[in-house]
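# Overview (structure and organization)
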Amino acid sequence: MAKMKLYYSPASPYARKVRAVALEAGLTKKIEMVNVVLSPIAPNADVDKRNPIGKIPSLSIKGMELFDSPVICEYLDTQHRRRKLFPAKGAARWTALRLQALGDGLLDAALLARYETFLRPEALRWSDWTAGQMKKISGVLDRLEAEVKSLKGKPTIGSITVGCALGYLDFRFASFGWRQGRPKLAKWFASFAELPSMKETAPTA
Ligand code: BEZ
């Protein structure tokens, strides 16, 4: 059977979700990794051909291109016989999907703040915009601190997404100090970050 191809970047937290799911699911031998360099102002033609949104991760499978990370992760979860990372039904499913939405929402705000402070020419930067994104990040972190119980237990798509989001804050927003005032979330992350699937996918520039 032809290998799947994952278009990714080692710094992308969304691609990290997919890589961590592939590891948890025991699928890495079935996936060829294609490391691509791109940004909103420097698109990658190969990625654009597969995904008109021009974003990674993008997964090429026989006759189909899948994007973005929630869709790819859910697809991969149908391709293995280990414990499922997307709980099938009931409260466990909605808890996991809700946590995924919180983690992805944090990341969406973090990426917008990153582009504003890193990519946009200094003279064009808009500090209110960045402050607005950082406020969203703080709101998600506070909610996760209050609901840390829902992160505990065996990894799901929810805890993996939150783990990748917190890892991205450490990677690109270290001086933000997200742990300050959030001891329960910090304790949970210290332990979650030790999972082999998290250690093996830690972001690099
Ligand atoms: C980053 O370098 O922070 C980054 C790279 C690719 C996707 C998202 C973030």
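Reading the values: rules and limits
Residues numbered from 1 in each chain as written. Predicted model: local features only at pLDDT ≥ 70, side-chain atom pairs only at ≥ 80, totals over all residues. Heavy atoms only, no water. Helix = DSSP H or I, 4+ residues; strand = E, 2+ residues; numbered from the N terminus. Rg over C-alpha atoms; globule rule 2.2 N^0.38 Å. Buried < 20%, exposed > 50% of the residue type's maximum accessible area, 1.4 Å probe, protein only. Contact = heavy atoms within 4.5 Å. Areas by Shrake-Rupley, 256 points an atom, 1.4 Å probe, with all protein chains shown as cover. Near = heavy atom within 4 Å. Polar contact = N/O pair within 3.5 Å; in protein donor to acceptor, adjacent residues only side chain to side chain. Nonpolar A, V, L, I, M, F, W, Y, C, P; charged D, E, K, R; others polar. Domains from an automatic or database assignment. Buried area = accessible area lost by both parts, 1.4 Å probe. Patch = residues over 30% accessible without salt bridge, like charges linked within 9 Å, V, L, I, M, F, W, Y side chains within 5 Å. Salt bridge = Lys/Arg side-chain N within 4 Å of Asp/Glu carboxyl O. Core = buried A, V, L, I, M, F, W, Y, C linked by side-chain atoms within 4.5 Å.

## Focus: the overall build of the chain
Across its full length, the chain carries eight helices and four strands. Traced from its N-terminal end to its C-terminal end, the chain shows the element sequence β-α-β-α-β-β-α-α-α-α-α-α. A compact globule built from 205 residues would reach a C-alpha radius of gyration of about 17 Å, and the chain, at 17 Å, matches this within 12%. Counting across all 205 residues of the chain, residues that qualify as buried make up 47%. Taking the intrachain contacts of the chain between residues at least 6 apart in sequence as the baseline, contacts between residues at least 24 apart amount to 70%. With an accessible surface of roughly 11000 Å², the chain has 57% of that area assigned to carbon and sulfur atoms.

## Here we look at the site of the ligand
Near the ligand the following residues occur: Ser-9, Ala-11, Ser-12, Pro-13, Leu-111, Arg-114, Tyr-168 and Arg-172. Tyr-168 has a polar side-chain atom sitting 2.5 Å from an oxygen atom of the ligand. Arg-172 places a side-chain nitrogen or oxygen 2.7 Å from an oxygen atom of the ligand. Taken together, the residues that form the shell around the ligand break down as four nonpolar, two polar and two charged. Of the domains in this structure, domain 1 (4-76) and domain 2 (90-200) are the two that each give at least three residues to the shell around the ligand.

## Some words on the domain arrangement of the chain
One can read the domain layout of the chain as domain 1 (4-76) and domain 2 (90-200). One C-alpha centre belongs to domain 1, the other to domain 2; they are set 20 Å apart. Counting residues at the interface gives 17 residues for domain 1 and 22 residues for domain 2. At the boundary of domain 1 with domain 2, total buried surface from both sides reaches about 1500 Å², with 65% on carbon and sulfur atoms. Three residues, Tyr-14, Arg-16 and Lys-17, lead the burial of domain 1 against domain 2; their summed loss comes to 35% of the area buried on that side. Here domain 1 is connected to domain 2 by six residue pairs in polar contact (both at pLDDT 80 or more).

## So, a nonpolar patch on the surface
Among the surface-exposed residues, Leu-112, Tyr-115, Trp-126 and Trp-129 lie close enough to one another that they form a single nonpolar patch of about 400 Å² accessible area. Accessibility expressed as a relative area gives 52% for Trp-126, which makes it exposed.

## What about the nonpolar core?
Leu-76, Leu-166, Leu-169, Leu-185 and Trp-188 are the most contacted members of the largest nonpolar core, which has 51 residues in total. Element by element, the count of residues in this core is highest for helix α4 (residues 90-119), at nine residues. Residue contributions to this core reach at least three from each of two domains, namely domain 1 (4-76) and domain 2 (90-200). Dropping the residues within four chain positions of it, Leu-76 is found in contact with Met-4, Val-18, Val-21, Ala-22, Leu-27, Ile-31 and Leu-59. Ranked by size, the runner-up nonpolar core spans five residues in total, among them Tyr-7, Val-34, Val-47 and Ile-56.

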